Amino acid sequence: MAEKYIPAKTGYNKLQFTDNSNTTVYIYGATGYGKSRMVKEYTKRRKALWLSGGATEWNLENLTEGSAVIIDDLQLLTSETQKQRILELAGRTDIWLILIGRMQFPQWMYSMITDGKVVIISEEDLWLNAEEIKKIADNRKIPVTEKEAQRIALRACGNAMVVSLLLQMMQDGKPLDDTLEDKLGVAFAEYLENYIIVQWNIDLQEFLMQISVVDSFTLPMAVMITGDDKAALMLEEAFRIGNFIEKTGETYTIREYLILALRRRAHKVFGQQKYMSYVRNAGLYYETHDDLVNALRMYAICEEKDKVRSILIRNGRRHMGNGKFYELRRYYLALEEEEADGSIVLMSSLSMLYSVMMNEEKSEYWYQKIKDYSKTVKGGEKREAEEMLLYLDIALPHRGSVDILDILKKVIPLVTSGGIHLPEFSVTNNQPGIMVGGKDFCSWSKRDEFLANTIGKPLEKLMGAYGRGMVHASLCESFYEKGGRDSEMLNHAMQSQMEIEGGGRLEILFATVGVQVRYNMISGKHAQAISLLNAFERRLAQEDNPAMKANFRALRCRVNLMLNDRNAVQQWLLEAPDELQEFWTLERYRYMTKVLCYLELGQNLEAINLLNRVRYYADLSKRPYIRMETGLLQAIAYKREGQEWKAVMLESLEAAKEYHFVRVISEKGAGILALLQEIKEDYLATEGADAKWFQKVLKETKVVAERYSGYLKIEMAQPADFSENSLTILRMQAEGYSIKEIAASLGASERTVKYHAAENYRKLEAKGKTDAVQKARSMNLI
């Protein structure tokens, strides 16, 4: 008995619609999407004439009224005469014209769209969904759960042939896992290689096999890899015969299974040496376009060890903020010791990389290697080694900032006199602040104006372009953290920005913008904060700095958190770094943003686990600011979970008081206000307590809590706290109904509606209707 046919419902319904209206239909999709099968199944009980786009002649003389004329493999059609015949057939009302091809709607048929003569069934319409896949599996008596059906749909991209292959592999009870999916990939690639690719002309086959060494490409890249200046024509031909290349902007991508098939065939046809020459060409293209990550990947594949080493040295000359150390870390760590020996840049890169990875022992090992090497060389090489040692003395994260001022006092005269030249520093690590940038500068905040007046200018000169605007940016942040001098703080922000415009770096501008955004938010000026973000985003869009862009989106997420925009927060979490997979210290700003998201969403244990990791890093790298902030957030999470919280809270308060910091606490608003009120007596009883400072913190925290009453709030209203009538009133208010209109609709008195509305405001701790609706939406109550 033949297996029951299960179609992709969307495509099948569209086909049925065109039949009822006798409208021409064009069906397209890549190999395996069941285009022809669907038409055969639908037309098997009616008179149908099947023709091939690859045929040289078509016999259309015996057509009768109501016939279905089906022209398959339209991608093979080249005859202009036959194209014209199709356009004529599309104009006939006595037949039903069905066109099937692998390419998207061809240009020569565009007139059919403008005349309204055609309905298009796209590849997406042919995708089998999880429900349809489950039915197919049930028909074949293959046990498949709904979750597995969803996984199959996703893995197969709804392709009927891929689905069928995978179900066939599962027939013997094999589990749906990565191993089975890998076997599927190989099986489908074999089919494409042996039955589809061989149908193409030889020139196109060779071009696509050559370009398959990369996952995606641009036209100039295709020319360089293949050496074919007719690459544009080859791509046109590829689009003409199939729907297997996707174009986004200027970037082309070959589908996953086809690229696997092309690579398999390329190894057979070209041989190893010739294949690797195309890989090498790809590496050269990436290298000349400063895409070091992909260049290194290509050179590693073709085992160009000298090229790999040169790329690592080239990247190593950059600082941690703009180098690709995280992306290239496995190549650095895979270096044999003798490969790094003799290269000051590679040895310093390893020292810095291990420090960032919190491996102090290994970092100091490579530092000592440079020191020993400096004693064995002379002239320019000795000078370079000594300069690198001074740079590492200042920049190594695990050494903290305790001795950095003394080091700088020695280094600044040498640099300003032209005696030495240091590599670029990453002052901020692309974070929106200097205090938590490449180093922790809390201790400098105690003497901020004195240091600015004494070593500020020499320090800016030492830092070069990264120094422009840095002193004013530092004072801006220091004044912000302490509070009370906001007009001066804003003036320093303005002066910093003006200096940056004269040849400074975007890193410092980002730090200044970050502080101003924070100030505007706690001041209740969220519109100004968003305007600042939007303006900086436009400028950032012109830069090639993925790390800064990622931290910028985290800064925007923090604003959205305060505004109770839970949808935006959930969206950001999709790109947040996964601390369980790997902890990378340069992601600390995004980790702390993720903690705030966890707390906002009530995921307290997840917040605690991540905070423990960040606190370990803060202790190891001697970073008091991060330590005090993690302590404050730990206290919030511990309190919610019924754990002891006062010890870590008191410790954080003591640290903040030491530096006279206010806003690291007050920014937490409603989330920390109850804790401050509860711990007040305990704090004031501690030795060295500062009652005046604590009162300042408490006062400002209350103001922030009133402005953003739902932000990080420990106890939020629950759906069970509201009756169905109360929720109905909230929903109607959200839709714009007045109290009078709601009363009339519900058949209640206005007094009753007002009472329920007031109770809703109380439970939500809202200031009025708008605030209540916003909070209710953020809690998914309405």
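Report follows, based on the coordinates. This is a predicted model, so every value here is computed, not measured. (Residues numbered from 1 in each chain as written. Predicted model: local features only at pLDDT ≥ 70, side-chain atom pairs only at ≥ 80, totals over all residues. Heavy atoms only, no water.)

## Points about the packing of helix H39 (residues 739–746) against helix H40 (residues 750–764)
Item 1. Taken N-terminus to C-terminus, the directions of H39 and H40 make an angle of 110 degrees; their axes are 9 Å apart at the nearest point. Considering the angle they form, H39 stands roughly perpendicular to H40. Two packed elements cross with a definite hand, and for H39 against H40 that hand is right-handed. Contacts between H39 and H40 involve Ile739, Lys740, Ile742 and Ala743 from the first element and Glu750, Val753 and Lys754 from the second.
Item 2. The residue makeup of the contact of H39 with H40, split by class, is four nonpolar, no polar and three charged. (Axes fitted to C-alpha atoms, helices over the stretch in contact; angles between N-to-C directions. Helix = DSSP H or I, 4+ residues; strand = E, 2+ residues; numbered from the N terminus. Parallel < 35°, antiparallel > 145°, perpendicular 65-115°, else oblique. Left-handed = near helix turned anticlockwise from the far one by under 90°. Contact = heavy atoms within 4.5 Å. Nonpolar A, V, L, I, M, F, W, Y, C, P; charged D, E, K, R; others polar.)

## As for empty space enclosed by the protein
Item 1. Counted by the stated rule, this structure contains four cavities of 30 Å³ or more.
Item 2. Volume-wise, the largest cavity comes out at about 620 Å³.
Item 3. For the largest cavity, the lining is made up of 42 residues, of which Val427, Ile434, Phe441, Trp444 and Met470 are closest to its centre.
Item 4. Elements with a minimum of two residues in the lining of the largest cavity: helix H18 (344–356), helix H20 (379–395), helix H21 (404–416), helix H22 (442–445), helix H23 (448–454), helix H24 (456–463) and helix H25 (470–482).
Item 5. It is H25 that provides the largest number of residues to the lining of the largest cavity, a total of six residues.
Item 6. Estimates place the volume of the second largest cavity at around 410 Å³. (1 Å grid on protein atoms, 1.4 Å probe; cavity = no way out; pocket = protein on both sides within 12 Å on 5 of 7 lines; lining within 4 Å. Points joined across faces, edges and corners; volume = space filled by probe spheres on them.)

## A word on the pattern of salt bridges
Two side chains carrying opposite charge are able to pair once their charged atoms lie near each other.
Item 1. Using the criterion set out here, one finds 56 salt bridges in the structure.
Item 2. One salt bridge in this structure joins aspartate 94 and arginine 92, with 2.8 Å as the shortest N-O distance.
Item 3. Classification of aspartate 94 by relative accessible area gives partly exposed; the value is 25%.
Item 4. Of the charged contacts in the structure, one is a salt bridge between arginine 383 and glutamate 387, with a shortest N-O distance of 3.2 Å. (Salt bridge = Lys/Arg side-chain N within 4 Å of Asp/Glu carboxyl O. Buried < 20%, exposed > 50% of the residue type's maximum accessible area, 1.4 Å probe, protein only.)

## A few points about the layout of surface pockets
Item 1. Space inside the largest pocket adds up to approximately 860 Å³.
Item 2. Along its surface, the largest pocket is lined by 37 residues, and Gly321, Asn430, Asn545, Pro546 and Ala547 are the ones closest to its centre.
Item 3. Secondary structure elements with two or more residues in the lining of the largest pocket: helix H14 (292–301), helix H27 (506–522), helix H29 (546–562) and helix H31 (588–600).
Item 4. Considering each element in turn, the lining of the largest pocket owes the most residues, five residues, to H29.
Item 5. Among the residues making up the lining of the largest pocket, the classes are represented as 16 nonpolar, eight polar and 13 charged.

## So, the pairing of strand E4 (residues 96–101)
Item 1. Most of E4 is tucked away, with six of its six residues classed as buried.
Item 2. Burial of E4 is two-sided: the residues Trp96, Ile98 and Ile100 facing one way and the residues Leu97, Leu99 and Gly101 facing the other way are all buried.
Item 3. Here strand E1 (residues 24–28) runs beside E4; their pairing, made up of four bridges, is parallel. Within E4, the residue paired with isoleucine 27 across the bridge is isoleucine 100.
Item 4. Taken together, strand E3 (residues 68–72), helix H3 (residues 80–90) and E4 form a β-α-β motif whose crossover is right-handed. (Pairing = 2+ DSSP bridges. Right-handed = clockwise from strand over helix to strand, strands pointing away.)

## A few points about the side chain of glutamate 132
Item 1. Here glutamate 132 is to be found in helix H5 (residues 130–139).
Item 2. One buried charge, glutamate 132, has no salt-bridge partner; the nearest side chain with opposite charge is lysine 135, at 6.9 Å.
Item 3. Ignoring any residue separated from it by four or fewer positions in sequence, one finds glutamate 132 in contact with Ile6, Pro7, Ala8, Lys9 and Trp127. (Lys, Arg positive; Asp, Glu negative; His and termini not counted.)

## A word on the sheet that holds E4
Strand pairing in a sheet relies on backbone hydrogen bonds. The paired strands run either parallel or antiparallel.
Item 1. Here we have five strands laid out as an open sheet, ordered E2-E3-E4-E1-E5, and parallel in their pairing. Looking at the sheet topology across the chains shown, the edges are occupied by strand E2 (48–52) and strand E5 (118–121). On average, each strand axis in the sheet is inclined to that of its neighbour by 15 degrees, with strand direction left out of account.
Item 2. Across the sheet, helix H1 (residues 9–21) touches E1, E4 and E5, and the angle it forms with E5 is around 165 degrees.

## Looking at the packing of aromatic side chains
Item 1. Tallying each qualifying case throughout the model produces 25 aromatic pairs.
Item 2. When the centroid spacing of 6.1 Å and the interplanar angle of 5 degrees are considered together, the rings of phenylalanine 105 and tyrosine 110 count as stacked.
Item 3. Relative accessible area serves as the criterion here: at 11%, phenylalanine 105 is assigned to the buried category.
Item 4. Summarising the aromatic geometry, the rings of tyrosine 683 and phenylalanine 694 are spaced 5.1 Å apart at their centres and angled 20 degrees between planes, so their arrangement reads as stacked. Of this pair, tyrosine 683 sits in helix H36 (residues 670–684) while phenylalanine 694 sits in helix H37 (residues 691–707), and the two are 11 residues apart along the sequence.
Item 5. Judged by its relative accessible area of 1%, tyrosine 683 falls in the buried class. (Phe/Tyr/Trp six-rings, centres within 6.5 Å; stacked < 30°, edge-to-face > 60°.)

## Focus on the sheet that holds strand E6 (residues 216–217)
Item 1. In space, the three strands of this open sheet follow the order E6-E8-E7, with antiparallel pairing throughout. Only two strands of the sheet have a single partner each, and these edge strands are E6 and strand E7 (245–248).
Item 2. By the bridge criterion, four bridges tie E7 to strand E8 (residues 251–254) in an arrangement that is antiparallel. By the bridge assignment for E8, lysine 247 is matched with tyrosine 252.

## Some remarks on the environment of valine 39
Item 1. In this structure, valine 39 sits in helix H2 (residues 35–43).
Item 2. Valine 39 gets classed as buried once you look at its relative accessible area, which sits at 0%.
Item 3. Distance in space between the C-alpha atoms of valine 39 and leucine 15 is 8.2 Å, their sequence separation being 24 residues.
Item 4. Look past the residues within four positions of valine 39 in its chain and what remains in contact with it is Leu15, Ile27, Trp50, Ile70, Ile98 and Ile100.

## Description of the pairing of E8
Item 1. Of the two faces of E8, the one lined by Tyr252 and Ile254 is fully buried and the one lined by Thr251 and Thr253 carries no buried residue.
Item 2. Sheet topology places E6 next to E8; two bridges connect them, and they run antiparallel. If you follow phenylalanine 217 over to E8, its bridge partner there is tyrosine 252.
Item 3. What sits between the antiparallel neighbours E7 and E8 is a turn of two residues, in which glycine 249 has the positive phi angle 65 degrees.

These figures capture arrangement, not role.
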